[in-house]
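Examination of the molecular architecture
Here's the letter readout for the chains.
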Amino acid sequence: MLSHLPILQVIIPLLAAPACLLLDRGRIAWAFSCAVAIVSLAISLSLLHQVSGAGPLSYELGGWDAPWGIEYRIDLLSAYVLLVVNGVATLVLVAARSSVAAEIDEAKQPLFYVLYMLCLAGLLGIIATGDIFNVFVFLEISSLATYALIALGRDRRALWAAYQYLIVGTIGATFILVGIGFLYSLTGTLNMADLAQRLPALAESASVYAAFAFLVVGVCLKLALFPLHLWLPNAYAYAPSIVTAFLAATATKVAVYLLLRFHFSVFGASFTDPVLPLEGIFLVLGIAGVFVASIVAIFEDNIKRLFAYSSVAQIGYMVIGMGIGSATGVQATLLHLFNHALMKGALFLALAAVVYRLGGANFSHIRGLGRTMPLTMAAIVVAGLSLVGVPGTVGFITKWYLVMAAINGSHWLLVPAILLGSLLALVYVWRIVEAAYFSEPVAGTETCREAPLGLLLAMWLLVIANVYFGLDTRLPVAASDGAVRLLMGGAG
Amino acid sequence: MNAQLALQLTLVAPLAGALLIALTGKWPNLRESVTLATSVLLFALVLQVFAAMGVNHDPRELHIDLFELLPGITIALHSEPLSILFAMVASGLWIVTSVYSIGYMRTNNEKHQTRFYTCFAVAIFGAMGVAFAANLFTLFLFYEVLTLSTYPLVAHKGDDNARRGARIYLGVLLATSIGLFLPAMIWTYAVAGTLDFRPGGILDGNIAGAAATGLLMLYLFGIGKAAVMPVHKWLPAAMVAPTPVSALLHAVAVVKAGVFTMAKVVIYIFGLDFLADVPNEMWAVYIAGFTIVSASVVALRQTNIKRMLAYSTVSQLSYIVMAVVVLTPYSEMGAIIHIVAHAVAKITLFFAAGAIYVASKKTEIAQLDGIGYRMPITMAAFTVAALSMIGVPPTGGFVSKWYMIAGAFQLDSYFVLAVLATSTALNAAYFLPIVFRAFFRKEAGDGNLDHGEAPVPMVAAICVTAVLTLLVFFFNGPLVDFEQTIIGGFQ
Amino acid sequence: MVTDFYNYWIVIALMMIGFFIVIVQGNLVKKLIGLNIFQTSVFIFYISIAKVEGGTAPILTEGVVLYSNPLPHVLILTAIVVGIATMALALSLVVRIHKAYGTIEEEELQERDHEC
């Protein structure tokens, strides 16, 4: 049983999806998918435990040996990201019931859970697999589910956002497909480990560069790296609130994982240096993303969109870490992957609660909410401070590593850029605080009650995690440290 | 009680107090009792730590590693003479302020009193953490706690004016701490490999030349709570807060946390000997000197009592900063004593301003004609404190100024002497007219004539702090003895 | 040169045509047609690289030693299925957009969103 965990991690949610379809009531489908998510979370915990003890796990699908058959390969990096994705997905799902019941028709609710499970299975598959074509397949599974999830939003603009995302996402996926085709035609293998061994011999070939470029651009489209981010704000703003929380905390993280995988494991970090100054590009785009997106967020009126732009900015930080390229820099990226999942999970769940009670999340809705929904607003404040990077929260840990990496790498201009980005975050977070605590409520919201228990519970678990992992950093630091060694070791 | 336990409890007590205050919010009497009890308990705990340390105790024995935050960075507490001093001042004056706030808040019928007392206790928690932090990182953590927990207090009134002031307050403090202090700290860690406060500093041999000057400037402006120009803007902005907040936090806990941090950085991070070798170190003296004089000039032109006091605070804080970076033993001692002397005197002045507001709703200097006859105790206390600001004996301000001048002579710096002389004259120029108005002018016929002293708790508090201002003058010997252990070569 | 790699030229031409349509066309269905052409170009790319000079269809037969590579065919079969699913989803989205907005022209959609 234990040796089958790598495949069970993907198969269980994948099979749970059609099973959900058979359950006709939203509530039952919810309970079932929660159970599945918890099992999945337990598997990822067990995987992380195994991997950190005994090194990478390899699982051969159908018993075919690695370079020919499809290999599932769980190393410390994938186990870590699996845990992040599973953890947040489970918490969001636990919180989902009341919000889904309010935002989605009763008849469509089981379908919602079907899609959620499919999307989760796709994301987990991308992380677990060691086969590059398998990555494409799972990417499309998760993407298709995502398009449909977004289209479930109540606002008709959700349809339009889903359509735009579909176009961009499909182009991105096709780019990845082209990249995979190049790699296969050059090396005759699809296995990542095998590719990593064969590619150095072909390092000077233009085709390899082309393949790399296609893969990176394709992934960056999914990642919503500035300036390829235009699909993201609308998709996040108009999707059902639960979907936003789920996507913001997981989907972009998986894209970051892919980028790291391709950049460091498959191609090797030094591969692009002479021809493509990729690290410089990452730095520039990362900083531009942080600034442009943060400034747009400051002037945004819809808070879901505001945090969507903030996500684009935070992705900028992750890319900056990769752009610095040192071990500390990549570790900052990995830490932020974990930390940002905690922050945005909490924030979007809190917004889900606001939407649940008030039907929208504009600034006019949250005026004076500090008194009527104290716990929800307190959650936004704490998670928002974490976003800013106040010490004692996880956001600070990221900033610490990023600035440390910048100083050690003598990127002096990067230091003020990173910190200025934090202050921009402070501005948009503080707009919310002022509206919630120091404004008089608009008529009609005085009687509004606190969010339902499920939402509160999940939201506050994430908020507490924001503080807890900001103080006790052993788990993420140790895991990301090991993962970085694995990545950089493979490169050097 | 075990000293280690007492040290940890100094953090637990105010936090537990805050929780209890929040829970007992529905019963105001119980809530205020909790506040008072917590403040007394806290002061007792600080005394306990002090007693356990003794005068010549080895500070390393009182060091507690709480947990490791990042590899190489621990959250740790320790206690050394400077910590004790700051903790005693903050916790002792918290008791007085609690008594005073009860009178102030009730008489004024302020809203959100539970939030007020809770945040106040959390702010004290932050101040205690700053005081007992064993390394710069721990200090930074609590420094930010202090910033954030005082925001709701500044924005207390919730009107546009209060929100604007609070926004400036938070904006400046967070921007300087995240934008300058944090990179300075990470830089320090990157070159020194540690952030522990160690006698003699940790930077010697790890950084040199212009880089060291740059680092010093990052700290000087990054520690925004020390209010060196041009990052002083938050302090006048914070005057929208209720007076007890201005009194304890913006005359004592918050601003003293700033200069305390600066002193810690100079003494334990740079080290006095190393900093003396840093090129252009005197710039820090010039910047502080400039702040002293220009803030005094601005104070001279203020018409609102609290704003005038705020600019006076900016100026007085820079006395401490300047004395710290003058680097001679006497000036360091002057800085340390001035932390106490200014705290007790400035809190008295704010208390008096609050008492005047509560009794008569007057906020402008021009309205104070003849008020000394209606509120003789308050204005007598005000006079004592004002004399301390100027540095006239027999008040605490004289003692600290004495040491500062001695320190300036040790350095042979005519700049420092000139600054001290000029600002003394300026201080007299803006404080004495108020005293004159209060006692020697006839009351104007308009306005609220029917009032006497403010409620008893407030007057009692004012008397206590005014007496303390005098006591600093008469009993500064033990203070000097106790603190001199941290300054090597003090004669 | 051109004739040696004509399959790649065809792929590139199709890809650019498809991409161009996606960007330029304002009609949502036409955009999808462009997207389809874009994807198809990649399918052709895969299939053409599977060709082995002189090889026969990859079916095990007596006396034949040289086969075309079957793996890209299999891969692209998967990709085609994915493509169909995408297209089905996209078209159903267009249907719903038409119901909700009464139009499938990009510019009109934007106008109608600004109205409300």
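1. Regarding the overall build of chain A
Within chain A one finds 20 helices and two strands. Dimensions of chain A, computed from the C-alpha atoms along their principal axes, are close to 70 × 55 × 40 Å. Of all 492 residues assigned to chain A, the portion counted as buried reaches 68%. Put simply, of all contacts in chain A between residues at least 6 apart along the chain, 80% involve residues at least 24 apart. Just so you have it, chain A exposes about 14800 Å², and 67% of that area is on carbon and sulfur atoms.

2. Overview of helix α16 (residues 396–411) of chain B
Residue and element names in this part refer to chain B. Under the 1.5 Å per step criterion, the end-to-end length of α16 is 23 Å for 16 residues, consistent within 8% with the ideal 22 Å. Those residues of α16 lying buried are G396, G397, V399, S400, K401, Y403, M404, G407 and A408. Residues of α16 that are buried sit in contact with α12 (305–326), α13 (329–360), α15 (376–390), α17 (414–440), α18 (456–474) and α19 (477–483). Immediately beyond the C-terminal end of α16, within one or two residues, lies D412, with a positive phi of roughly 60 degrees.

3. With respect to the interface of chain A and chain B
Opposite the 31 residues of chain A that make contact, chain B presents 32 residues. Roughly 2600 Å² is buried in total at the junction of chain A and chain B, and carbon and sulfur atoms are behind 79% of that figure. Looking only at chain A, the three residues that lose the most surface to chain B are W400(A), E434(A) and F438(A), adding up to 28% of its buried area. At the boundary of chain A with chain B, the tally comes to one salt bridge. As a salt-bridge pair, R167(B) and E434(A) come within 2.7 Å of each other at their nearest N and O atoms. Joining chain A to chain B, the criterion identifies two residue pairs in polar contact (both at pLDDT 80 or more).

4. Considering the arrangement of the chains
With two pairs of chains in contact overall, the contact-richest pair is chains A and C. Spatially, chain B is disjoint from chain C: no contact exists, and the shortest C-alpha separation is 31 Å.

5. Re the nonpolar core
Ranked by internal contacts, the top residues of the largest apolar core, which has 443 residues, are F112(A), L349(A), W400(A) and F431(B). With residues up to four places along the chain from it excluded, the contact list for F112(A) reads V100(A), I104(A), L149(A), L152(A), I242(A) and V243(A).

6. Quick notes on the pairing of strand β2 (residues 73–78) of chain B
Most of β2(B) sits inside the fold, with five of its six residues counted as buried. Turn length for the strand β1 (residues 63–70) of chain B-β2(B) hairpin, with the two strands adjacent in sequence and antiparallel, is two residues, and the turn residue G72(B) shows positive phi of about 90 degrees.

7. Focus on the packing of aromatic side chains
As enumerated under the stated definition, the model contains 50 aromatic pairs over all chains in all. Centroid distance F398(B) to F473(B): 5.9 Å. Interplanar angle 55 degrees. Geometry classified as tilted. Highlighted residues: F398(B) in helix α16 and F473(B) in helix α18, separated in sequence by 75 residues. Residue classification places F398(B) among the partly exposed residues on the basis of a relative accessible area of 26%. The aromatic ring of W30(A) is capped on one face by R97(A), whose charged end is 5.7 Å from the ring centroid. Over the face of the ring belonging to Y357(B) we find K361(B), whose NZ or CZ atom lies 4.8 Å from the ring centre.

8. Regarding the pattern of salt bridges
Residues and elements named next belong to chain B. A complete count under the given rule lists 17 salt bridges over all chains for this structure. R163 serves as the salt-bridge partner of D160, at 2.8 Å between the closest nitrogen and oxygen. Remark: R163 and D160 occur in helix α6 (residues 160–192); sequence separation between them is three residues, near one turn of the helix. Exposure remark for R163: the relative accessible area of 17% places this residue in the buried category. The residue R437 makes a salt bridge to D369 at a minimum N-O spacing of 2.9 Å. Here the residue R437 occupies a position in helix α17, and D369 occupies one in the loop between α13 and α14 (371–374), the gap between them amounting to 68 residues.

9. Some remarks on the packing of α12(B) against α17(B)
Residue and element names in this part refer to chain B. Two elements in contact, α12 and α17, have axes separated by 12 Å at closest approach and are oriented at 160 degrees. Taken as axis vectors, α12 and α17 run roughly antiparallel relative to one another. The chirality of how α12 crosses α17 is left-handed. The residues of α17 that touch α12, namely those facing M308, L309, S312, Q316, Y319, M322 and V326, are V416, V419, L420, S423, T424, N427, Y430, F431 and I434. For the contact of α12 with α17, a count of residues per class yields 11 nonpolar, five polar and no charged.

10. Quick notes on the packing of helix α1 (residues 5–22) of chain A against helix α2 (residues 26–54) of chain A
The angle between the axes and the distance between the axes are what describe a pair of packed helices. Residues and elements named next belong to chain A. For the pair α1 and α2, interaxial distance at closest approach is 9 Å and the crossing angle is 175 degrees. One element, α1, and the other, α2, form an angle in the roughly antiparallel class. Residues L5, P6, L8, Q9, I12, P13, A16, A19 and C20 of α1 lie in contact with α2, whose contacting residues are A29, F32, S33, V36, V39, S40, I43, S44, S46, L47 and Q50. Among the residues forming the contact of α1 with α2, the class breakdown is 14 nonpolar, six polar and no charged.

11. Some points on the interface of chain C and chain A
The partner chain A presents 30 residues to the 38 residues of chain C that form the contact. Linking chain C with chain A are zero salt bridges. One can count eight residue pairs in polar contact (both at pLDDT 80 or more) joining chain C with chain A. The set of elements that each furnish at least two residues to the side of chain C that touches chain A consists of α1 (6–24), α2 (28–49), α3 (71–101) and α4 (106–115) of chain C. The element best represented in the side of chain C that touches chain A is α3(C), accounting for 17 residues. Residue composition of the side of chain C that touches chain A, grouped by class: 29 nonpolar, four polar and five charged.

12. Some details on unusual backbone geometry
Each neighbour pair has its own omega, and for F226(A) with P227(A) the value is 0 degrees, a cis peptide bond. Between P393(B) and P394(B) the backbone carries a cis peptide bond, its omega angle lying at 5 degrees. By the secondary structure assignment, P394(B) is in the loop between α15 and α16. For A224(A), which is not glycine, the phi torsion reads 65 degrees and is therefore positive. Owing to a relative accessible area of 0%, A224(A) belongs among the buried residues under this scheme.

13. Topic: the side chain of T138(B)
Residues and elements named next belong to chain B. Along the chain, the position of T138 falls in helix α5 (residues 136–154). Within polar-contact distance, the side chain of T138 engages the backbone nitrogen of A76 at 3.2 Å. When residues no more than four places from it in sequence are discounted, the contact partners of T138 are T74, I75, A76 and A133.

14. Focus on the side chain of K344(A)
All names here are of chain A. Along the chain, K344 falls in helix α13 (residues 327–358). Although buried, K344 forms no salt bridge, and the nearest oppositely charged side chain, E300, lies 13 Å from it. Within polar-contact distance, the side chain of K344 engages the backbone oxygen of F307 at 3.5 Å. Within the local environment of K344, its side chain forms a polar contact with the side chain of S310, the two groups lying 2.6 Å apart.

15. A look at the pairing of β1(B)
Across six bridges, the pairing between β1(B) and β2(B) is antiparallel. Bridge pairing links E68(B) to T74(B) in β2(B).

16. Overview of the environment of E450(A)
Residue and element names in this part refer to chain A. Counting through the fold element by element, E450 comes out in the loop between α18 (414–437) and α19 (453–471). The exposure class of E450 is buried, given its relative accessible area of 18%. Setting aside anything within four residues of it in sequence, one finds E450 in contact with R357, T372, M373, P374, L375, T376 and L456. Within the structure, the side chain of E450 is placed 2.8 Å from the backbone nitrogen of L375, a separation counted as a polar contact. There is a polar contact of 2.5 Å between the side chain of E450 and the side chain of T376.

17. Observations regarding the confidence of the model for chain A
When pLDDT is averaged along chain A, the result is 87; 97% of the residues meet or exceed 70. In the model of chain A, helix α20 (residues 474–491) of chain A stands out as the element of lowest mean pLDDT, 80, in contrast to helix α5 (residues 132–151) of chain A, which has the highest, 93.

Calculation criteria
- All residue numbers refer to position in the chain's written sequence, counted from 1.
- Naming scheme: in the order in which they are written, chains are lettered from A and ligands are numbered from 1.
- Local features are withheld for residues below a pLDDT of 70 in this predicted model, meaning they are given only at 70 or higher, and side-chain atom pairs are given and counted only at 80 or more; totals for whole chains, interfaces and linings count all residues.
- The basis for every side-chain value is the complete set of non-hydrogen atoms in the structure, without hydrogens or water.
- Numbering of helices and strands starts at the N terminus; helices are DSSP runs of H or I of at least 4 residues and strands are runs of E of at least 2.
- Relative accessibility thresholds used throughout: buried, under 20% of the residue-type maximum; exposed, over 50%; partly exposed, between the two (1.4 Å probe, protein chains only).
- We call two residues in contact when some of their heavy atoms are within 4.5 Å.
- Where accessible areas are quoted, they stem from the Shrake-Rupley method and a 1.4 Å probe; at the residue level, only the protein chains shown are allowed to cover.
- Multiply 1.5 Å by the residue count of a helix minus one, and that product is the helix's expected span.
- By buried area we mean how much accessible surface two parts lose on assembly, using a 1.4 Å probe and totalling the loss over both.
- Any carboxyl oxygen of Asp or Glu that lies within 4 Å of a side-chain nitrogen of Lys or Arg is treated as forming a salt bridge with it.
- Between N or O atoms, a polar contact is any pair within 3.5 Å; within protein, one atom must be a potential hydrogen donor and the other a potential acceptor, and residues adjacent in sequence are included only when both atoms are from side chains.
- Think of a nonpolar core as a cluster: buried Ala, Val, Leu, Ile, Met, Phe, Trp, Tyr and Cys residues, connected wherever their side-chain atoms sit within 4.5 Å.
- When DSSP finds at least two bridges between two strands, those strands are taken to pair.
- Pairing of aromatic side chains here covers Phe, Tyr and the six-membered ring of Trp, requires ring centres within 6.5 Å, and sorts the geometry by plane angle: under 30 degrees stacked, over 60 edge-to-face, intermediate tilted.
- Here, a charge over a ring is recorded when the distance from Lys NZ or Arg CZ to the ring centre is within 6 Å and its angle to the ring normal is within 35 degrees.
- Convention adopted: a line fitted to C-alpha atoms gives each axis, helices being fitted over their contacting stretch, and angles between N-to-C directions are expressed from 0 to 180 degrees.
- With respect to orientation, any angle under 35 degrees is reported as roughly parallel, any angle over 145 as roughly antiparallel, any angle of 65 to 115 as roughly perpendicular, and every other angle as oblique.
- Less than a right angle of anticlockwise turn of the near helix away from the far helix marks a crossing as left-handed, whereas a clockwise turn marks it as right-handed.
- By the convention adopted, Pro, Cys, Tyr, Trp, Phe, Met, Ile, Leu, Val and Ala count as nonpolar, Lys, Arg, Asp and Glu as charged, and the other residues, Gly among them, as polar.
- For the purpose of counting charges, residues Lys and Arg are taken to be positive, whereas Asp and Glu are taken to be negative. His and the chain ends are not included.
- Confidence per residue, as judged by the predictor, is encoded in pLDDT with a range of 0 to 100.

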